[in-house]
Structure formats: structure tokens, C-alpha cells
2 protein chains.
Amino acid sequence: MTPRSETPSEFLRVHYDLQCGPGERPEEKARQIAQEQTVELPEGRFSAALAAEVVGRVEELVPLGASDLGQWSATVAYAPEVTGWELPQFLNLLFGNISLKAGIRVRAIDWPPSFLARFRGPRFGSDGLRGLCGLLEPRPLVCAALKPMGLSASELAGLCRRFALGGADVVKDDHGLADQAWAPFRERVERCQEAVAAANAQSGGATLYFPNLTAPHEELEKRIEAAQSAGCRGGLIAPLLVGVDAVRALSESSELALLGHPALSGAFFTPGHGIAPEVLLGEIFRLAGCDGVIYPNAGGRFPFAEQTCAAINVRLRRPLRDLRPAMPVPAGGMDVARVSHWIEVYGPDIMVLIGGSLYEEADLTAATRALVARVRGAIPA
Amino acid sequence: MTPRSETPSEFLRVHYDLQCGPGERPEEKARQIAQEQTVELPEGRFSAALAAEVVGRVEELVPLGASDLGQWSATVAYAPEVTGWELPQFLNLLFGNISLKAGIRVRAIDWPPSFLARFRGPRFGSDGLRGLCGLLEPRPLVCAALKPMGLSASELAGLCRRFALGGADVVKDDHGLADQAWAPFRERVERCQEAVAAANAQSGGATLYFPNLTAPHEELEKRIEAAQSAGCRGGLIAPLLVGVDAVRALSESSELALLGHPALSGAFFTPGHGIAPEVLLGEIFRLAGCDGVIYPNAGGRFPFAEQTCAAINVRLRRPLRDLRPAMPVPAGGMDVARVSHWIEVYGPDIMVLIGGSLYEEADLTAATRALVARVRGAIPA
């Protein structure tokens, strides 16, 4: 358990929280992880030379709290070459087979520069999103959501118009809007984009419409092309519904800004086994090219703690080689009345995504205008 | 909570196990699921007409055990139109946002024929895999795994030769073999396929080599083409690493048989929150077109119970409209010595995947030959 080499930054270090059951020895559990995620063979079935090159090495093993709790922190250093510099194999290395075990949680990753250098990350990032919206003031962006599923494309376009006239920076599809017959994708994108453009022309505003790009494999590029042709500058996508690496590819090949949606990600967030939200949403989604990342804010209708949200924000924003910072997008029951509080806690460099709460008002334009004023007012002059 | 219509088979029914925390009312939890997964708005913010068409309806709510345990079974009927007949949106409907809540487990799904009709499922299925291997006897298929990562393409080809001469039906890449420099994909596929073909020519056997097709988004089709050009008839793919719908698309567009690998799926299998293994591996992987599905067998190095494995087998095999049955592939520490036992328990229509256990023997050809004899001997004449 000595450090693996004298150039420690060259390794991909994964920090795990381990929960050892009765009779489970932490040294063995950590070593099994290192083997399971690489050679899938126990010791003695491969050469020492191969082990030195390929097998993860347990570098640190520290009890968390009283030793009889069975909780340990383990650090395993992997050669980044094991990833083949590919995101699917990286995800496999990180949690592929050990997902099928119990009591293993990825708490943090130390990223080697050699690995980060292979990924462009966000095309726009936080500043780029701000630029797309033409926002010069240092205030949070304001995003409204089109809902509910079941409305027609024209009805959704009517909502777009009202949000845009109210001054929302972005109006996004609800992430359940796909290509259902009620509002087929292409018709919806054209109607909504037209409505936003017309409202902008009338008001002098610069609202953007972001359609939901989450789609079947063969449709992904086609829907992105349709959105770009209609004049959209960004869209919404759920990495775990389409594949994390599909988002990376689409971020590279399209010219759209991408908001990452956390659908399905909660499977990884159960206590004691999985991947920490700040790693999956805060780092992996960013690495995959999300310019903004939506997460369920504390105090909303999902059980995320404020410190988890803060940790996601830190990971989205912190220096990570050449990767642009991505914008935190707290959502999931964000209440208009509490917006000032969250801006104070998270700072101005966020996108405030207000869904259902805006719909409580009869006049959506006025409600949006009041929200934007509230957001502006929350920033000290 | 009355049945939604007189044609009950027209609905997509999801059966959830709910764990209610203190103060959480099961009626409300079930109703919130039905809303969260469709309109993402609470009642009163959408019309009754829209609700009837779009919102899931709670049809049944039954306590599991003593009422003070807070455990309930809930059934919600969704209009299949909500899926837009697309797999990513189906996954979103099934567990997208509620993954971010707690105490919700998808236990079972009743599939409406209208939904199943949109999916072809396995191209080959269980019988087709048997046919590809030219296997006329009613015995399980025998699969060996190439490992460890770190060997060169030539070394892996040497293993292929030995497994093929021993009479393995299939030799597959370990799922961590991607495109690493030790054995780059194209070189590996050519060397291994050549080795298997040469061994077949020598022995009169019909061993198939299945490379790992799990790859970056832009590479998926290219690697499949390379595998097909080299003469491969099937491959390995991990749906959760590349996206479940990518597998569906590749199953439709390629002519390869696909073995689905469960990497990352364990995130969904924590107790009390997630998707039951028999639903995710047994039904969704099959729906996506996996001809065989690998799962961690009971008694191996993963904590799967025998009844879970049996339930996966049932779902892979049971009649499901026009979908072909897929072949169960128990793995993950399957021991040569226990093979007869598992064949007795699971029946002959499985693929026995033996990884590390074969490598305990110095002579891989002899060990494979002994394994095949043991498998053959386990079937009553």
C-alpha cells in the first residue's frame, strides 16, 4: 500500500467508501475491487509484470469512525491506460462489475491530466451559456419549463410566448416531452422556436428555446439537426437515458449547448453503494460535455441535502485542466419564493430552473417578469 | 383506484414496492409517482381531460406485511402513448425522476401488446444462438472468457485457439477489453477470429468468437462492421455502458448475435429502491435485443440469490408476444465443479459462462474438453 509511483498525478485514483459486512476484511475487499475492475482474476493467475501495469493498486485504507462499524475509506490507483481513453470503458472501470457487489460507494476521483486531455468537456460552459443568452449582468439565468405532457405543440408554443415575453433567458421542454403524438418533436420545435423568436422580436428580448433531445439512438443526430435548422441554440438531454458517451459525442459534433438532466441517475445515489452525486452529476456529466447540469435542489420534492447540492456546484465549477466550468441548474421543486435564498447560498453563477411553481400564477408573463426581477434583486448592486 | 378501462391489456402497468418513511402516506406516495413520471405537476394544475389521457392512475395499493412496517405494493397504469414508443422515454417513464426519490422499487411490469409490437427483441434468441453454434444436442452452450486485460492480441488469440480446440461453443472477450493499446480492438478481433477459424478447421468444431463491442458512440457501428468483416457472428455489449437503446438499434442494424453484459446495472439492485434484476436484465435487456443475458450467478463472487437468478431465467424465457426467448448466461464466478448442479437447477437451455475457474488448469484445451464433457454428462440421455 505504498504510492504507486513517483508521478502520482499520472494515475486515476478512485476513493471509495466501503461498508464491510460481518466477516468481510477491508484489505481484501479493497484488493478485490482493484482486481475485479481490471483483470477479473484473483492473484496468482497473472504475472507480476502484468499486475504492475494493469491491476489497480490499493494505496490507502483508513477506518471511518469506530472500527467495529465496518466503514472504511479506500483509495485505488489505476493506470489510466485501462480506460483505453474511452468513456464507456471508464464507466466500466469506475463501477461496472462492482455495481453488482454491495457496500461500495465512489466518493471522489483524482483525474490524471492524461485522461482529461482526451475530453473537450462543455462546448460553451457557464460563460458560454451566459453569452448565448446575451446576458451582461452578473445575475443567474432564469429558465422556465414547458409542461405538462399532453398539450399540443401549439399550446406549448403559447406557453413559450408568455415565458419569453416575461423575459425568461431559457425556456426548456419538460424532459418527458419526447416525440409523443400530442406534440411531435419536429412540430413542437418549429412552433416553439417560432413563438420564442416572435416574442423576442416584439420585446427586444433574447430568450432561447431548448428542446428535449433525448431520443432513440438513430434519432439523436436527426433531432439535433432539426433543432439547429429551426434556429435553436441548445437543448436538454438525459445522459443516463441515451448513454453518457452519446452526450459526449453529440456535444462534440453539434453546435448546441446541452443541459444535462439527471433522469435515472438516482439509482446510483442510494446510501452506501453507488457513485456520489457530485461525482456523477458534477464531474462525469461535465466531462461528457454538459454545459449546464440540472439537479434536484434541496428543499424541493427530492431528498437532496444542501451540502450535496453545494458539492455538485463545486465540482461543476472547479478548475479541471482545460475543461470549461459547467453551470449548476438547481431544480426539482424550486420555489419562486425561495429563489433569493438559493442565490445567496449558491452565488449568482447558476441557472434558476423554475418548473411547476411558475404555473401557480394565472398570468405566466407577469409571473416570469416578477421572477426575473426577483433574481435581479437578489444580486447586490 | 378502479381499473382504468375495460381493456386492461392496453395499459402499461408498473408494480412498485414502496417503503414509506415516517409521515409518508402510501396513497400520496403512489399518486406522486404517477404524476412525477408523466406531467411533473401536482393535481389541480392540469385539466381532467388531460389527466385521464396522460397521468398514470393508481389502480391498487396493498400493504405488504404489518401496516406499521410502511411497506406497500402499488400498481400504476400508464397509457403506453406516454412512452412515445421509444425506449429512452420508456426508461424515463419507468424510473427517470423517481430514481431521485427514495423507497421505490420496480418489481414487475405488465407489458401492453401495443408497446411490445414496436420492438423486435432478440434477432436470434435462445434457439438462434444454438443454431449459430451448430449445436444439435439439447445441452447448454459452453462459453469461455478471454482474460486478463494486459495480454497482447496474439496472446489472446493463443487462448482462443486452446478454448476452441477444447470444444467451447463460444469464446468471448472479457468485458473490460475495449480498445486498449495492449490489444487494440481491430487487431484483437482479426487475430482471435483467425485463431478460432484455424482451430475449427483442425478439429472440425464450430467455436464462435464474440468480441466486446462496447465502445464510444461514434465507434459502435464501426467496430460491429469490423467484427462482421472478420467473420464474427456475435459479440458482447453492456447496455448500461453504451445506452440501452443503442443496443436495440445495433441489434436491428447488425447481423450479430448480442450477449448483454450487466456492467453498471447493480446500481439499480440495492434493496428497497431501484429496478428488480429480473425486470432490468430479464425483460428490458431482452426487449432491447439481447440474444443472451449474462448475470452474476448465485454462489459466485456476487451476492445474487438463487431465486433472483431463477426469476431472471423465467423472464428471459417466458412468452412475450412475438419476442424470441433470450438465453440465460449465468456467470461471475461459475465454478467448473458446480456446473452439473446449476444445469439441474436451471435446465439445459442456458449458456454456461466459465471465466476464471478454467484458468486454474495448466492445460486450457484439456480443461475445456473436460468442461464440455461435464456439461454433456449433466443432461439425462
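Scroll up a little and you will see the structure.
Remember, predicted model here, so these are calculated numbers, not experimental data. (Residues numbered from 1 in each chain as written. Chains lettered and ligands numbered in written order. Predicted model: local features only at pLDDT ≥ 70, side-chain atom pairs only at ≥ 80, totals over all residues. Heavy atoms only, no water.)

1. Regarding the overall build of chain A
Helix and strand counts for chain A stand at 14 helices and 13 strands. For chain A, whose C-alpha radius of gyration is 22 Å, the value lies close to the compact-globule estimate of 21 Å for 381 residues. For the C-alpha atoms alone, the extent of chain A along its principal axes is close to 70 × 45 × 35 Å. Within chain A, the proportion of its 381 residues that are buried is 64%. As presented, chain A carries roughly 13000 Å² of accessible surface, and 52% of it is formed by carbon and sulfur atoms. When the 37 basic and 44 acidic side-chain charges of chain A are each reduced to a single mean position, those positions are 2 Å apart. (Helix = DSSP H or I, 4+ residues; strand = E, 2+ residues; numbered from the N terminus. Rg over C-alpha atoms; globule rule 2.2 N^0.38 Å. Buried < 20%, exposed > 50% of the residue type's maximum accessible area, 1.4 Å probe, protein only. Areas by Shrake-Rupley, 256 points an atom, 1.4 Å probe, with all protein chains shown as cover. Lys, Arg positive; Asp, Glu negative; His and termini not counted. Charge placed at Lys NZ, Arg CZ, Asp CG, Glu CD.)

2. Describing the relation of the copies chain B and chain A
Mapping chain B onto chain A calls for a rotation angle of 180 degrees and an axial translation of 0.0 Å; the resulting RMSD is 0.0 Å. Both copies are brought into coincidence by an operation consistent with a two-fold rotation axis. No C-alpha of chain B lies nearer the rotation axis than that of Gly-243 of chain B, which sits 2.0 Å from it. Taken together, the interface assignments show that 100% of the residues at the interface of chain B recur at the interface of chain A, consistent with an identical surface on both copies. (Least-squares fit on C-alpha atoms with pLDDT ≥ 70 in both. Contact = heavy atoms within 4.5 Å.)

3. A few points about the pattern of salt bridges
Think of it this way: side chains of opposite charge can pair up when their charged atoms draw near. Applying the stated criterion across every chain, the model contains 52 salt bridges over all chains. Two residues, Glu-137 of chain A and Arg-376 of chain A, come together in a salt bridge whose shortest N-O distance is 2.8 Å. Of this pair, Glu-137 of chain A sits in the loop between α5 (125-132) and β5 (141-146) while Arg-376 of chain A sits in helix α14 (residues 364-377), and the two are 239 residues apart along the sequence. Overall, Glu-137 of chain A belongs to the partly exposed group, its relative accessible area being 27%. On the basis of relative accessible area, Arg-376 of chain A is assigned to the partly exposed category, the value being 41%. Bridged by salt links that share partners, the residues Glu-86 of chain A together with Asp-179, Arg-186, Glu-219 and Arg-223 of chain B form one connected network. (Salt bridge = Lys/Arg side-chain N within 4 Å of Asp/Glu carboxyl O.)

4. Let's talk about the interface of chain B and chain A
Listed by partner, the interface residues are 71 residues for chain B and 71 residues for chain A. Broken down residue by residue, the surface that chain B buries against chain A is led by Leu-100, His-217 and Leu-264 of chain B, which jointly contribute 12%. Where chain B meets chain A, there are ten salt bridges. The shortest N-O distance in the salt bridge between Arg-301 of chain A and Glu-40 of chain B comes to 3.6 Å. The tally of links from chain B across to chain A stands at 33 residue pairs in polar contact (both at pLDDT 80 or more). Counting residues per element, the ones that place at least two in the side of chain B that touches chain A are α2 (48-54), α3 (87-96), α8 (220-230), α9 (239-242) and α10 (244-253) of chain B. When residues in the side of chain B that touches chain A are grouped by element, the largest group, six residues, is from α3 of chain B. For the side of chain B that touches chain A, the class distribution of residues is 33 nonpolar, 20 polar and 18 charged. (Buried area = accessible area lost by both parts, 1.4 Å probe. Polar contact = N/O pair within 3.5 Å; in protein donor to acceptor, adjacent residues only side chain to side chain. Nonpolar A, V, L, I, M, F, W, Y, C, P; charged D, E, K, R; others polar.)

5. A closer look at unusual backbone geometry
All names here are of chain A. Cis geometry is adopted by the peptide bond preceding Pro-148, which originates at Lys-147 and carries an omega value of -5 degrees. Within the secondary structure, Pro-148 is located in the loop between β5 and α6 (153-165). Here the phi dihedral of Trp-85 falls at roughly 60 degrees; this positive angle occurs in a residue that is not glycine. Relative to the helices and strands, Trp-85 is located in the loop between β3 (71-78) and α3 (87-95). Unlike most non-glycine residues, Arg-321 shows phi in positive territory, near 50 degrees. As for its position among the elements, Arg-321 is in the loop between α12 (306-317) and β12 (327-331). By relative accessible area, which is 46% here, Arg-321 ends up partly exposed.

6. Examining the environment of Gln-37 of chain A
All names here are of chain A. Mapped onto the elements of the fold, Gln-37 is located in the loop between α1 (26-36) and α2 (48-54). Excluding its chain neighbours within four sequence positions, the residues that come into contact with Gln-37 are Tyr-78, Asn-92, Leu-93, Leu-94, Phe-95, Gly-96, Asn-97 and Ile-98. Among the polar contacts listed, one links the side chain of Gln-37 to the backbone oxygen of Asn-92, at a separation of 3.1 Å.

7. Re the packing of α12 of chain A against helix α13 (residues 339-346) of chain A
Residue and element names in this part refer to chain A. Across the interface, α12 lies against α13 with an axial gap of 11 Å and an inter-helix angle of 55 degrees. The angle between α12 and α13 places the two elements in the oblique class. Between α12 and α13 lies a crossing whose hand is right-handed. Taken together, the residues of α13 that come into contact with α12 (itself represented by Glu-306, Cys-309, Ala-310, Asn-313 and Arg-317) are His-341, Trp-342, Val-345 and Tyr-346. A class-by-class count of the residues in the contact of α12 with α13 yields five nonpolar, two polar and two charged. (Axes fitted to C-alpha atoms, helices over the stretch in contact; angles between N-to-C directions. Parallel < 35°, antiparallel > 145°, perpendicular 65-115°, else oblique. Left-handed = near helix turned anticlockwise from the far one by under 90°.)

8. Quick notes on the sheet that holds strand β12 (residues 327-331) of chain B
Residue and element names in this part refer to chain B. Strand order in the open sheet formed by four strands is β8-β9-β11-β12, and the pairing between neighbours is parallel. Taken across any chain shown, the strands that pair with only one partner, and hence form the sheet edges, are β8 (234-237) and β12. In this sheet, neighbouring strand axes are inclined to one another by 25 degrees on average, regardless of whether the strands run parallel or antiparallel. Sheet analysis places strand β11 (residues 292-296) next to β12, joined by five bridges and oriented parallel. Residue pairing across strands places Pro-296 opposite Ala-331, the latter belonging to β12. Strand contacts of helix α12 (residues 306-317): β11 and β12, with the helix running at about 170 degrees to β11, the strand carrying the most contacts. (Pairing = 2+ DSSP bridges.)

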